[in-house]
Structures are given as C-alpha cells and as structure tokens.
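Fold and geometry: a report
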Amino acid sequence: MAQQGVQLHQERFCCSICLDLLKDPVTVPCGHNYCSKCIDGYWNQDDQRGRFNCPQCRQMFTPRPVLKKNTLLADMMDVLKKTGLQDIPLDSCYAGPGDVACDFCTGRKLKAVKTCLQCLVSHYQFPAFKNHKLVTASSKLQENTCSLHDEVKKVFCRTDQQCICYLCCMEEHKGHDTISVAAERTERQKELDTSQQNIQQRIQEREKDVKVLHQEVGSINHSADRAVEDSDTIFTELISSIERKQSEVREQIRDKQKREVSRVEELRKVVEQEVTELRSRHAELEQISHTEDDIHFVNSPTSLSKISESPYPISSNIRHLRYFEDVTVAVSKMKDKLEDILKEEGTNVSGTVNRVDVLYSRLPEYRTRAEFLQYSCPITLDPNTANTELSLSKGNRKVQLSQQNKQYSYPYHPDRFSAWKQVLSREGLTGRCYCEVERSGISVYTCIAVSYKDISRTGGNVDSGFGYNDKSWSLHTSDYHSTGDCVFRHRNIVTKIPGRVSSRVGVYLDHSAGTLSFYSVSDTMTLLHRVQTTFTQPLYAGFGLNSGTAELCDLQ
C-alpha cells in the first residue's frame, strides 16, 4: 500500500510534457504546472509560434505569459526528494522502432497512448483531449488522412469500396454512392455482430459435438473392451471344450488300451501253458520213439500219437498294428469340420466387426474430383478371370472384345468366366478407394461393377453375371441411343438412371461405411447412383463388355 501511495504522489508531481518529476516548476495563468524548460520549449516550437496555449486545457494566452517560479511547489519537490521520492523510470515508455511517438514531447519522444480521430494527434495522455474521439495509438491511423487533400477521410465510397475525404466526393468520386464512415461502420457492425452471433452459436454447437465425440470415444472403447473380454471368454470356453474332449478321448483310448492288453495277457498265459504241456508230451513221445523194446512201443497209449487242435487260434484274429487308427481318422475328420465351421463363422464375425461404423452419418460428402483423387488406387485386371472372348492390353488395364469375336488363347483356369464376357481385377478393394474408367468405341455397351471374389464363374445363369445376384453391384451404360441409357443392377433389380453419362465414369468405394458411388466425370462430378449397404468381404473391380472398350485410367 505504501508503494502505491508513493506512486500516486509521483504522478501528481510530474510534468505533463516530459512526464518526469517537475524541475524548476513554473505555473501558467490557468494554474497548471510545468518544468520551466518544457513549457518554454513547447511554446518555442515552429507550429506554436504566436499561439500560446496550455498543453493540458488548451487555454490560449495573449501575449506570451511571463513565467515565474512556483517557490512553494519547488520547496515541496525538494522535501519529497530528500524523503526518498525518485524520478519515475520511463525507459519502457519511450518510443522505439515501430512505436507511435507523442506529438507533444520535446527531445526524446514517449510512446503515444492515444490518437485523436478528429485531429489525428497522437499523445501520451493529455487531459485536454478527453472530450475528443480517442483510439489506441497506431501508425496505421496515418492512413486516415487523404494523400491528395490532406484531409481526414470521413466518407466511404460504396462504388469504389474505399474511404475518402469530403473533397474527394466533389472530384474523383463525384456521383458515386457515398455514405459517412460512421454510418458504414454502423451497418457493417450490425453484420459483424450477426456473424459473431452465428460463429458463437456454431462454437457452442461444435463444443457440444466435441463432448458427444468424447463420449463416443469412451463408448467405443468400453464396447470394444467388453467385446474383447466376452470373445476371449467364449474362445476360452471353446478351447476348454476342445481340451475336455481331448482329455476324454485320451482317457477312452488309454482305458481301451488297458482292457485289450489285459485280454491279450490272459490269452498269452493260456497259450504259454499250452506250450508247456505240448513240450511235456513232446518229451514223452521222444522217449518212446527211442525205446528198443518193440512190445513196449506197441503197447504205448495211442493218445500219445494224437495232438488236438488249439482251442485259441491267434493268427487269424490279429489286426496287425491297426488297433487305433480309426480313432485317428475320426479325430482328423472332427478337426476338419471344426476348421470349416471356424472359417465360415469367422468370416461372419469379421463382417460383423467391419459393419461397426460410428461416424458414417457425420462424414463429409466429397464434391470435387480433387477430393476423390486422394483415394485413387492402382488396379489391374486378372487374365486368369478374363472370358476367352476378351483381350487385355496396356499392362492389363484395358479390356476389349477379341478381334471378330474369336476366342482368345487363354490357358485353362478355374477362376475364368466361362459364359459371361467379364473380367475381375487382381487387387481386392477395402477401405476407401477411387478409380476412373474410360469408355470408348462405337455403340459402346459396358458394365462397370464391383463383386465378391466367390461369385460363380461357370454357366450363363444369374449366379455369374455382374448385378444379377447378391454378390455383385453393376452400372450398365449404353451408347446405342443418343440418350445414353444407364441403369444400375443388383440382385437382378434394375434402377434406371436419368441423364446422359460421359465417356469417363468414376467409382468411389468406402468399404467400412458400406457406400458405393458411381459418378459421371467431366468438368464436374455428377452423381449417377449411390448404394448404402454392408460389405462382408473384400470387393474386386469388374468389367463386362458387349461392344467397345473399357480402360482403367492412370490417376497417379
């Protein structure tokens, strides 16, 4: 607080010309005080000669007043200086490069704070201008003076859209639609206020959108995390089921192994006992066969010479190392079935994941060709899919009917279209893709399509024709008539498209958003047809021809 009080006293005892503490203070007749050198210098300026006024209140004095030292104020200044009051540091207040200098300062100029729009005088802070229209000092305000007439520009010429002075209204701008600068400012201020309100409203709306998007991020993350957890749980249960079945099969095999081994061991013991008995009988027979007493040999029991059949024949019942091979075959078949199910259902799961699209309804709609070209992608045609009546050229980017409709000598390939004169691209399309097709020739009839790779390739039925099934979407263009007929076809449902189609057709695909658009490309992009659906597999570009040629344009 003490520091603020000292600062207040400093301002009250400063010269309003040099803004330093008063030195040799003098008082002019109106009662204002100045440094003796400052007021003398101010009145000695060329533009002030003969005009002696107070720099603060602008009161005029005639003749030039005789200035006398204000002894009371000088004594007070001496006392204040002895108590520690120092001059105000004004280094930061002096005008430098790029600053507007005060028009009243003598010697080193201070930075002007205000500029009067009426007289274009820039000053530090003079109370005499308090009733004038003041604005923040700026060097650009010098432009407010007409360079021809040296007058303040107070008129706005609407015809030439520039500010002029009142003399310009009578000369160069005579007869023009003019209005005062203030009135023009008022009208433009209204427009500006309206624009500001619209912008502020837009800001509020977009801030709400930011909050919504922030919430969407949280919802997407939460939903994705939950889906990962749930799918992990399901797959873990599926793996556990497989592991339980694995353990069950293992136990069944081992249990069967033990039972069969036990049976074989029991049989082995019986056979070994039989072998022992046979050896004993063999020894007896051996002994009899070597006796020298003929009577004893003849009288020996006849049973010794007879051997009964074995009660347990073995060789005919043995399967020879194929005991559990059928189990392996059965498990292998189960594995194949599980893999087929996982492949089929996995495709459905992937398609479900790809159908998740939060922002489709909010995505911008492209209108200019340059916007589409950022998604251009290189596409080539696959010779292995081309019908034998089609020939490819220009690096497999151009397709046309073979000469005189003769079959082209393509080697056999299962992917080749056998009946329809069609061909597919080599590259699969996902994400956002754009391409352009140039149609040429006499009486051109072309089919421009996208298709799943698993579309049928054999036969002339609807299963393999572009647009005749649920695996393909096609735009059919014909130049047989001057109207340039054009239709869109999917599931064999035909949608007629009005208007003539240019020789160049643009195709834009946003796979994840499920949008497919066809455009007639000329000086502008004219939308022919748009599809909104869900794509579950990568798409391949396709062409069908009855006449003419179709060529993929190089957009790189």
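Residues numbered from 1 in each chain as written. Predicted model: local features only at pLDDT ≥ 70, side-chain atom pairs only at ≥ 80, totals over all residues. Heavy atoms only, no water.

The next thing to look at is the overall build of the protein chain. For the protein chain, the count of helices and strands is eight helices and 22 strands. With 556 residues in all, the protein chain has 31% of them scored as buried. Relative to all contacts within the protein chain whose residues are 6 or more apart in sequence, the contacts with residues 24 or more apart total 52%. A total accessible area of about 36,200 Å² is found for the protein chain, and carbon and sulfur atoms account for 52% of it. (Helix = DSSP H or I, 4+ residues; strand = E, 2+ residues; numbered from the N terminus. Buried < 20%, exposed > 50% of the residue type's maximum accessible area, 1.4 Å probe, protein only. Contact = heavy atoms within 4.5 Å. Areas by Shrake-Rupley, 256 points an atom, 1.4 Å probe, with all protein chains shown as cover.)

Among the seven residues that make up strand β19 (residues 504–510), six are buried, leaving the element largely enclosed by the rest of the structure. In terms of strand pairing, β19 meets strand β20 (residues 515–521) through six bridges, oriented antiparallel. Residue G506 lies in a different strand from β20, and its bridge partner there is Y519. From the end of β19 to the start of β20, which pair antiparallel, there are four residues, and G514 there has a positive phi angle of about 75°. (Pairing = 2+ DSSP bridges.)

This brings us to the packing of aromatic side chains. Tallying each qualifying case throughout the model produces ten aromatic pairs. Judged by centre distance (6.0 Å) and plane angle (80°), the ring pair of W43 and F52 falls under edge-to-face. Judged by centre distance (6.1 Å) and plane angle (55°), the ring pair of F488 and F518 falls under tilted. Separated by 30 residues along the polypeptide, F488 in strand β17 (residues 486–490) and F518 in strand β20 bring together distant segments of the chain. Take F488 and F518: they sit in the same class, and that class is buried. Pairwise contacts between aromatic rings join F372, Y375, Y434, Y508 and Y519 into one cluster. The ring centre of F417 lies 5.2 Å from the NZ or CZ of R457, which sits over that ring. (Phe/Tyr/Trp six-rings, centres within 6.5 Å; stacked < 30°, edge-to-face > 60°. Lys NZ or Arg CZ within 6 Å of the ring centre and 35° of its normal.)

For side chains bearing opposite charge, pairing can occur when the charged atoms are close. In the structure shown here, the tally under the stated rule is 21 salt bridges. For D454, the salt bridge identified is with K471, shortest N-O distance 3.4 Å. Here the residue D454 occupies a position in the loop between β15 (432–452) and β16 (472–478), and K471 occupies one in the loop between β15 and β16, the gap between them amounting to 17 residues. A relative accessible area of 40% means that D454 is categorised as partly exposed. Linked by salt bridges that have partners in common, R158, E184, E187 and R188 make up one network. (Salt bridge = Lys/Arg side-chain N within 4 Å of Asp/Glu carboxyl O.)

Right, let's get into the sheet that holds strand β9 (residues 155–157). Taken together, three strands build an open sheet; the order of strands is β10-β9-β11 and the sheet is antiparallel. The outermost strands of the open sheet, each flanked by one partner alone, are β10 (162–164) and β11 (178–180). Looking at each pair of strands side by side, their axes are set apart by 35° on average, direction ignored. Sheet strands touched by helix α5 (residues 181–289): β9, β10 and β11. Its angle to β11, the strand with the most contacts, is close to 85°. (Axes fitted to C-alpha atoms, helices over the stretch in contact; angles between N-to-C directions.)

With that out of the way, let us pick up the nonpolar core. Note that soluble globular proteins tend to have their nonpolar side chains buried in a common cluster. The biggest cluster of nonpolar side chains holds 36 residues, and the ones touching the most others in it are V399, W473, L516, F518 and F543. When near neighbours in sequence (up to four residues on either side) are disregarded, L516 contacts V450, W473, V507, Y508, L509, H529, R530, V531 and F535. In terms of nonpolar packing, the next biggest core, distinct from the first, is built from 19 residues, V26, W43, C54 and L73 among them. (Core = buried A, V, L, I, M, F, W, Y, C linked by side-chain atoms within 4.5 Å.)

Structurally, N44 can be placed in helix α2 (residues 36–44). By relative accessible area, which is 41% here, N44 ends up partly exposed. Within the structure, the side chain of N44 is placed 2.9 Å from the side chain of R64, a separation counted as a polar contact. (Polar contact = N/O pair within 3.5 Å; in protein donor to acceptor, adjacent residues only side chain to side chain.)

What follows is about the environment of F466. With respect to the helices and strands, F466 occurs in the loop between β15 and β16. Owing to a relative accessible area of 1%, F466 belongs among the buried residues under this scheme. For the pair formed by F466 and I448, sequence separation is 18 residues and the distance between their alpha carbons is 8.5 Å.

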